[in-house]
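Results of the structural survey
Take a look at the letters that make up each chain.
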Amino acid sequence: MIDKIIPYGRQDITQEDITAVIEALHSDYLTQGPRIVEFESAFANYVGSKYAVAVANGTAALHLCTLALDVKEGDKVITTPITFAASANCVRYCGGEVVFSDIDPETYLLDINKVRALLEASPKGTYQGIIPVDFAGRAVDLELFRKLADQYGLWIIEDACHAPGGYFVDSKNKIQNCGNSNFADLAIFSFHPVKHIACGEGGMITTNDEVLYKKLLSLRTHGITKNEADYTNSVIFANGNSANNTSYPAWYMEMQTLGFNYRLTDFQAALGISQLERADEGLAKRREIATIYNNSFNGKSFIKGQSGVIEGHAYHLYVIEVEDRLGLYNYLRENKIFTQIHYIPCHLMPYYKQFGWKEGDMPIAENYYKHCISLPMFPILTAEEQKYVIGKIEEYYRK
Ligand SMILES: *Cc1c(COP(=O)(O)O)cnc(C)c1O
């Protein structure tokens, strides 16, 4: 018997994690201490990017990306409707326009052919960027997106919140990790507890572009710089109009752009570092769980589609598509299995409907939404619990 609720996702906090956080709390730094830099460099190393910038959460990461790319009023940015709203909202924070484009019914990812058709239908310069999402943990083929983006002069932000450790294989047969920024200008991750790595709240931006990297560092902390080479005010002014000193005083700093406080704390970084050490282990477990689901459901008449066993998939979610999804959802809930629906199509959120989006605009995404359900998927899901989940699903459709 199962006596506690089985959620669709949850964190795994070990004694090592707790010890790491306590150590940080006893240290001299609670925010922007040595653990931030350590976490950034460990994370950059994990995904294979040159730079990483730790921030308060995934949404802040997206906002800083649109700021760093100078998104402004009237800019048009393409994204998928099957994502968490933040992937789209970051464009709105800067006054840009979100243009949704439909998904591929097999991969559930932004369909590149539809994006191409959209771009071809308007003069060059109409669109400024694309935000593809590695939905559920399945890696977008960013090599193809880069080629298309380059034809139209677009930037790419990869929303890799679901996919730390995920990858696709490029045309030269090379593994390309999600977030390595070999093809995207910027990539972002979230450390919300349901994601692979938990910091409570937290996020990361990765990039290989030094100019964007420096902009992000500044925007993360009020647009303030303490780097003398960047100062624009004179030394004389900085010294209080005293001409006696030829260098900037130690207190001096300049606010040069309008930034935010989007910093992560040092004790959250401590948790992140500790969690990152187990990331590969967790990923292997997720892939095992996916294989068991896949093998249990293959060929079953109630299954219309499923995440499947896909190379490079990071399995933040395991999605199945079924008939009578509402009935199944309620039946599982009665049996203490709390599944979730990812996602209600973003273009049909009342906020986006005010811009003219309506039912029928994204037929594939809307049809997917009628049938999708995300099953429990997290590293500490036990074999017994998974068996129970699969058993209850089969039981429902036998009735
Ligand atoms: C979780 C998530 C975000 C936002 O991250 P937060 O840390 O919750 O702000 C953005 N995009 C996707 C696809 C996500 O799953």
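With an unreviewed UniProt entry as reference, the protein is termed UDP-4-amino-4,6-dideoxy-N-acetyl-beta-L-altrosamine transaminase, source organism Flavobacterium fluvii. Taken directly from UniProt, the Sequence similarities (unreviewed entry) text for the protein runs: "Belongs to the DegT/DnrJ/EryC1 family."

Considerations on the domain arrangement of the protein
When the domains of the protein are assigned, the result is domain 1 (6-223 + 258-278) and domain 2 (280-398). In total, about 3,700 Å² of surface goes out of reach between domain 1 and domain 2, with carbon and sulfur atoms giving 63% of it. Inspection of the region where domain 1 meets domain 2 yields zero salt bridges. For the pair domain 1 and domain 2, the number of links is 21 residue pairs in polar contact (both at pLDDT 80 or more). Of all the secondary structure elements, the ones that give two or more residues to the side of domain 1 that touches domain 2 are β1 (6-7), α4 (86-93), β4 (97-100) and β7 (167-169).

Quick word on the UniProt feature "modified residue: N6-(pyridoxal phosphate)lysine" (unreviewed entry) in the protein
Residues given the UniProt feature "modified residue: N6-(pyridoxal phosphate)lysine" (unreviewed entry) here are Lys-195. Along the polypeptide, Lys-195 turns up in the loop between β9 (186-190) and β10 (203-207). You can call Lys-195 buried: its relative accessible area is 14%. Once residues within four sequence positions are removed from consideration, Lys-195 is found in contact with Cys-161, His-162, Ser-190, Arg-286 and His-316.

Overview of the site of the ligand
Lining the immediate surroundings of the ligand are 16 residues, of which Gly-58, Thr-59, His-162, Ser-190 and Lys-195 lie closest. The separation between an oxygen atom of the ligand and a polar side-chain atom of Thr-59 is 2.5 Å. Contact distances for the ligand include 2.7 Å between a nitrogen atom and a side-chain N or O atom of Asp-159. Taking 380 Å² as the accessible area of the ligand by itself, protein coverage stands at 93%. A majority-of-atoms criterion places the ligand in the second largest pocket. Here the shell around the ligand takes three residues from helix α3 (residues 58-68), the largest share from any one element. A per-class count over the shell around the ligand returns six nonpolar, eight polar and two charged.

Things to note about the side chain of Thr-265
The residue Thr-265 is located in the loop between β12 (254-255) and α9 (266-276) in this model. Side chain to side chain, Thr-265 and Gln-268 meet in a polar contact 3.0 Å long. Not counting residues within four places of it along the chain, the set of residues in contact with Thr-265 comprises Leu-30, Thr-31 and Ile-36.

Regarding the layout of surface pockets
There is about 380 Å³ of room inside the largest pocket. Forming the walls of the largest pocket are 17 residues, and the residues nearest its centre are Lys-214, Lys-215, Leu-217, Ser-218 and Leu-219. Only α7 (210-220) and β11 (224-225) provide two or more residues apiece to the lining of the largest pocket. Among the elements that make up the lining of the largest pocket, the one with the highest residue count is α7 (six residues). Classifying every residue of the lining of the largest pocket by side-chain character gives seven nonpolar, five polar and five charged. Here the second largest pocket defines a volume of roughly 320 Å³. When residues of the lining of the second largest pocket are traced back to their parent elements, those giving at least two are α3, α4 and β9. For the lining of the second largest pocket, the element with the highest residue contribution is α3, accounting for three residues. A breakdown of the residues in the lining of the second largest pocket according to their chemical character gives eight nonpolar, ten polar and three charged. Both domains that furnish three or more residues to the lining of the second largest pocket are identified here as domain 1 (6-223 + 258-278) and domain 2 (280-398).

Focus on helix α5 (residues 112-120)
Along an α-helix, residues three or four apart share an orientation, since each turn contains 3.6 residues. Three or more residues of α5 are buried, namely Ile-112, Val-115 and Leu-119. Along the axis of α5, the buried residues cluster in a sector spanning 60 degrees; they form a single face. Where the residues of α5 are buried, they touch β3 (76-79), β5 (129-131) and α6 (142-152). Where α5 begins, the capping side chain belongs to Asp-111, and its oxygen is found 2.9 Å from the backbone nitrogen of Asn-113.

Description of empty space enclosed by the protein
Tallied over the full model, the rule gives three cavities of 30 Å³ or more. Here the largest cavity is characterised by a volume of approximately 50 Å³. Around the largest cavity, the lining is made up of 14 residues, and of these Leu-142, Glu-158, Phe-168, Asn-177 and Asn-180 lie nearest the centre. Here the residues of the lining of the largest cavity are counted per class, giving six nonpolar, six polar and two charged.

The rules behind each value
Residues numbered from 1 in each chain as written. Predicted model: local features only at pLDDT ≥ 70, side-chain atom pairs only at ≥ 80, totals over all residues. Heavy atoms only, no water. UniProt positions renumbered as here; feature names shortened; annotations may be inferred. Domains from an automatic or database assignment. Buried area = accessible area lost by both parts, 1.4 Å probe. Salt bridge = Lys/Arg side-chain N within 4 Å of Asp/Glu carboxyl O. Polar contact = N/O pair within 3.5 Å; in protein donor to acceptor, adjacent residues only side chain to side chain. Helix = DSSP H or I, 4+ residues; strand = E, 2+ residues; numbered from the N terminus. Buried < 20%, exposed > 50% of the residue type's maximum accessible area, 1.4 Å probe, protein only. Contact = heavy atoms within 4.5 Å. Near = heavy atom within 4 Å. Areas by Shrake-Rupley, 256 points an atom, 1.4 Å probe, with all protein chains shown as cover. 1 Å grid on protein atoms, 1.4 Å probe; cavity = no way out; pocket = protein on both sides within 12 Å on 5 of 7 lines; lining within 4 Å. Sits in = over half its atoms within 2 Å of the grid points. Nonpolar A, V, L, I, M, F, W, Y, C, P; charged D, E, K, R; others polar. Points joined across faces, edges and corners; volume = space filled by probe spheres on them. Arc of directions from axis to C-beta.

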